[in-house]
Amino acid sequence: MSPSATPARPTPWLARPQVQRVVYPLLVGLVLVAIWQGLVTGLELPPYLVPSPALMVKTLFTDWAALGLALWVTVKITLLAFVAATVTGVLISFLFVQSKGIETALFPYAVLLQVTPIVAVAPLIIIWVKDPVASMVICAALVALFPIISNTTLGLRSVEPDLLSYFKLNRASRTQVLVRLRIPSALPYFFGGLRISSGLSLIGAVVAEFVAGTGGSGAGLAYQILQAGFQLNIPRMFAALLLISLTGVALFVLMAWLSRLALGSWHASENTHD
Amino acid sequence: MRHPEPETPGPGTEAVPAIEVLSAEKTYPNGTQALLPVDLKIEEGEFITLLGPSGCGKSTLLKMVAGLLAPSDGRLLLWRKPVDRLSETGRKMAFVFQSPTLMPWASVQTNVRLPLDLAGVPRAKADARVADALALVGLSKFAGALPRALSGGMQMRVSIARGLVVQPDLLLMDEPFGALDEITRHKLDADLLDLWRRKKLTVIFVTHSIHEAVFLSSRVIMMAARPGRVVETFRIDAPYPRTADFMVSPEFAHYARQLQHSLLQASASTEEVSP
């Protein structure tokens, strides 16, 4: 915020926290991959038990035609579900904060939604909804919905009482209180919910694909893993797994970036530079 | 120097009093008596301090004047109207809380503009008034800053500017400088007195500091706890402007001693159980 005195000597490259945040975990990753590669080569483990990292990456390229398409399908389902869960969750939260009565009446059902395992519900949804993509999006969205509802509702209620009194003293309307006070106060909680839900959307999408088992052009990464498992094509299984993990990491990074963009200047949770 | 409560208006006083508290009391549904019936009349331009220990109902009384709390019995009038019809009198009220209660996501300027935005004042006109208010509290240079970049004292000034921006006739302050260090507090007290005189405000100021009460007030309402009640009223007749010299004068010590004595007496009658 305030322009601090510029140091005479720039901080050494590796001493900067933003560089360390990338370099340190990367080093750990490299070491782990090296150990893995070493063990596989040293113990001469067959690729149908544990493929080496090199083989995994090689498979990623040779099988890219199938895997890339599957990645696109899974990412599409994840993102659609994430957006659907976010929009629905926020709308439900707005409804909840309108009156304590509505929340009291409906909250148990939100919890019910959360605690019912999606694997158990997915077959029903897949039977009811004709379109396979739509049914998988619904499954994944159901998994991702709850953190958005609970976090956003908590956030909309977590308004400083005196500040709310101040709005009331100035005869602020419900809409003014919502737009000028409740929504900004809820943002840190909302972004917390987004971070959790982005990961859950991916998990939901993968689970839905497993249950649906859709092949052909609509096949996602989970189907690739299933198929590769049947064919004992373990390297391809690992390659698909790697893609799923990378998708999850990418989503998390994206959410962290969005959160920083929205809250960086004022909220303590994003204040990493003091 | 001491005035019996309630005050009876003299025959010549035809001016409309700024505030009338008519047997207003607050008893919570669980039976807690936050405030026994209070009768109080405050003239325009007075600087009133509600002084007393924690739990004496001073904040309760202030919040009832503001309309934030409804009295369980009795009435409060501002310029002869109930609080919720204050706008009919053409008068304005501002409330300053114990904490700055600023929006952390908004700049100082946006924070100060809040009451005008809520009232639908056009942006250009509002911005001009915000600039004036910030100049009054000496924060013109910080209009673009976020609250977290300011010190506690500066945040409180922003809060006061937000009160002044509506050009109030009545300023209600609930222990506004309680959380600040003593040096900052003295400075803000002096600035507040200056504002009060320049803007011809009516101020009700809640504090638990005897020195602050003597320094600021034209009249001190002494309150006591368990149950919350008004004990006595003191007029502080020292002339304004009051400076730091006043604080070390024998006169100041005399008033402070008087208040101290009254406070101890009031506490002694109810606080035999507390340590």
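Along each chain, residue indices are assigned from 1 in the same order as the chain's sequence is written. Each chain is given a letter, starting from A, and each ligand a number, starting from 1, according to the order in which they appear as written. Two thresholds apply to this predicted model, a pLDDT of at least 70 for residue-level local features and 80 or more for giving and counting side-chain atom pairs, whereas whole-chain, interface and lining totals are computed over all residues.

A. Representation of the overall build of chain A. Numbering of helices and strands runs from the N terminus; a helix is a DSSP stretch of H or I covering at least four residues, while a strand is a stretch of E covering at least two. For chain A, the count of helices and strands is 10 helices and zero strands. Reading chain A from its N end, one meets helices and strands in the order α-α-α-α-α-α-α-α-α-α. Taking 2.2 N^0.38 as the reference for a compact globule, 274 residues should give roughly 19 Å; the C-alpha atoms of chain A span a radius of gyration of 23 Å, well beyond that estimate. Based on the C-alpha atoms only, the size of chain A along its principal axes is roughly 75 × 65 × 25 Å. With C-beta atoms placed from the backbone, the exposure class of a residue follows from how many other C-beta atoms lie within 10 Å of its own: 20 or more, buried; 12 or fewer, exposed; in between, partly exposed. Among the 274 residues that make up chain A, the fraction classed as buried is 32%. Once C-beta atoms have been placed from the backbone, residue pairs whose C-beta atoms lie within 7 Å are recorded as contacts. Of the contacts formed within chain A by residues at least 6 apart in sequence, a portion of 76% connects residues at least 24 apart. Between the two quantities, the radius of gyration covers C-alpha atoms and the globule rule is 2.2 Å times the number of residues to the power 0.38.

B. Looking closely at the overall build of chain B. Looking only at helices and strands, chain B features eight helices and 11 strands. Computed over its C-alpha atoms, the radius of gyration of chain B comes to 19 Å, within 12% of the 19 Å expected for a compact globule of 275 residues. For chain B, the residues scored as buried account for 40% of the 275 residues in total. Across chain B, contacts joining residues at least 24 apart in sequence account for 72% of those joining residues at least 6 apart.

C. Seen up close, the interface of chain A and chain B. Facing 14 residues of chain A, the contacting portion of chain B comprises 15 residues. Put simply, the parts of the chain that give the side of chain A that touches chain B at least two residues each are helix 7 (161-169) and helix 8 (174-212) of chain A. When residue character is reported, Ala, Val, Leu, Ile, Met, Phe, Trp, Tyr, Cys and Pro are called nonpolar, Asp, Glu, Lys and Arg charged, and the others, Gly included, polar. Residues of the side of chain A that touches chain B, tallied by class, amount to seven nonpolar, five polar and two charged.

D. Up close: the sheet that holds strand 6 (residues 81-82) of chain B. Residues and elements named next belong to chain B. With respect to topology, four strands assemble into an open sheet ordered 3-2-5-6, the strand pairing being antiparallel. Two strands close off the open sheet at either side, each with one partner strand: strand 3 (33-42) and strand 6. Examined bridge by bridge, strand 2 (residues 19-27) and strand 5 (residues 73-78) share five bridges and lie antiparallel to one another. Bridge pairing links L22 to R75 in strand 5. Only strands that DSSP links by at least two bridges are regarded as paired with each other.

E. Representation of helix 8 of chain A within the structure. All names here are of chain A. Every helix has an expected span of 1.5 Å times one less than the residues it contains. Its 39 residues place the ends of helix 8 only 45 Å apart at the C-alpha level, less than the 57 Å of an ideal helix rising 1.5 Å per residue. Roughly 45 degrees is the biggest bend found in helix 8, and it falls at L187, with proline P188 one to four residues downstream. One or two residues past the end of helix 8 sits G213, with phi positive at roughly 60 degrees. Note on bend: the value at a residue is the angle between axes fitted to the seven residues ending there and to the seven starting there.

F. Local environment of helix 1 (residues 17-42) of chain A. All names here are of chain A. For helix 1, spanning 26 residues, the distance from its first C-alpha to its last is 37 Å, which sits close to the expected 38 Å at 1.5 Å a residue. Counted residue by residue, helix 1 has zero buried out of 26 residues, so it is predominantly exposed. E44, located one to two residues past helix 1, shows a positive phi value of around 50 degrees.

G. Quick look at the pairing of strand 2 of chain B. Residue and element names in this part refer to chain B. With six bridges joining them, strand 2 and strand 3 adopt antiparallel strand pairing. Paired with V21 across the strands is L40, a residue of strand 3. Between strand 2 and the antiparallel strand that follows it, strand 3, lie five residues; G31 among them carries a positive phi value of about 95 degrees.

H. Expanded view of the nonpolar core. Defined on buried residues, the nonpolar core groups Ala, Val, Leu, Ile, Met, Phe, Trp, Tyr and Cys residues joined through C-beta atoms within 7 Å. Grouped together as the largest cluster of nonpolar side chains are 78 residues, with contacts concentrated most on B:A161, B:L172 and B:L259. When residues no more than four places from it in sequence are discounted, the contact partners of B:L259 are B:L51, B:I210, B:A213, B:V214, B:V220, B:M222 and B:F234. Membership of the second largest hydrophobic core comes to 51 residues, among which are A:A144, A:I148, A:L156 and A:A239.

I. Quick look at unusual backbone geometry. Residues and elements named next belong to chain B. Each neighbour pair has its own omega, and for R226 with P227 the value is -10 degrees, a cis peptide bond. Relative to the helices and strands, P227 resides in the loop between strand 10 (219-224) and strand 11 (229-235). Of note, the amide linkage connecting Y240 to P241 takes the cis form, showing an omega dihedral of -5 degrees. Note on placement: P241 falls in the loop between strand 11 and helix 7 (244-247).

J. Region of the structure containing the packing of helix 8 of chain A against helix 9 (residues 221-230) of chain A. Residue and element names in this part refer to chain A. The N-to-C vectors of helix 8 and helix 9 enclose an angle of 50 degrees; their axes lie 8 Å apart at closest approach. Judged by the inter-axis angle, helix 8 sits oblique to helix 9. In this structure, helix 8 crosses over helix 9, and the sense of that crossing is right-handed. Packed against helix 8, whose contacting residues are V206, E209 and F210, the element helix 9 presents L221, A222, Y223 and L226 at the interface. A per-class count over the contact of helix 8 with helix 9 returns six nonpolar, no polar and one charged. Between N-to-C directions, angles cover 0 to 180 degrees, with each direction set by a line fitted to C-alpha atoms, over the stretch in contact for helices. Orientation categories follow fixed angle ranges, with anything under 35 degrees roughly parallel, anything over 145 roughly antiparallel, 65 to 115 roughly perpendicular, and all other angles oblique. Take the far helix as your reference; a near helix turned counterclockwise from it by less than a right angle gives a left-handed crossing, and one turned clockwise gives a right-handed crossing.

K. Examining the pairing of strand 9 (residues 202-207) of chain B more closely. Residues and elements named next belong to chain B. The buried fraction of strand 9 amounts to six of the six residues, a majority that puts the element mostly inside the structure. Across the two faces of strand 9 the burial is the same, with T202, I204 and V206 and V203, F205 and T207 all buried. Here strand 4 (residues 47-51) pairs with strand 9 via five bridges, running parallel. When the sheet's bridge partners are listed, F47 is paired in strand 9 with V203. Note that strand 8 (residues 170-174) and strand 9 share five bridges and pair parallel. Bridge pairing in strand 9 links L171 to V203. The path from the first strand over the helix to the second decides the hand: if it runs clockwise while the strands point away from the viewer, the crossover is right-handed. For the crossover that starts at strand 8, traverses helix 5 (residues 182-199) and ends in the parallel strand 9, the hand is right-handed.

L. Layout of the packing of helix 3 (residues 64-98) of chain A against helix 9 of chain A. Residue and element names in this part refer to chain A. At their nearest, the axes of helix 3 and helix 9 sit 7 Å apart, and the two run at 135 degrees to each other. Between helix 3 and helix 9, the angle is such that the two are oblique. Here helix 3 contributes A66, L67, A70, L71 and T74 to the contact with helix 9, which in turn contributes L221, Y223 and Q224. In the contact of helix 3 with helix 9, the residues fall into six nonpolar, two polar and no charged.

M. Just the confidence of the model for chain B, in detail. Residues and elements named next belong to chain B. The predictor attaches a confidence to each residue, and that confidence, scored 0 to 100, is pLDDT. Mean pLDDT over chain B stands at 87; residues scoring 70 or higher make up 92%. Contacts of residues 1-12 to residues separated by more than four positions or lying in other chains number 11 contacts, the stretch itself having pLDDT below 50. Reported for the predicted complex are a pTM of 0.80 and an ipTM of 0.82.

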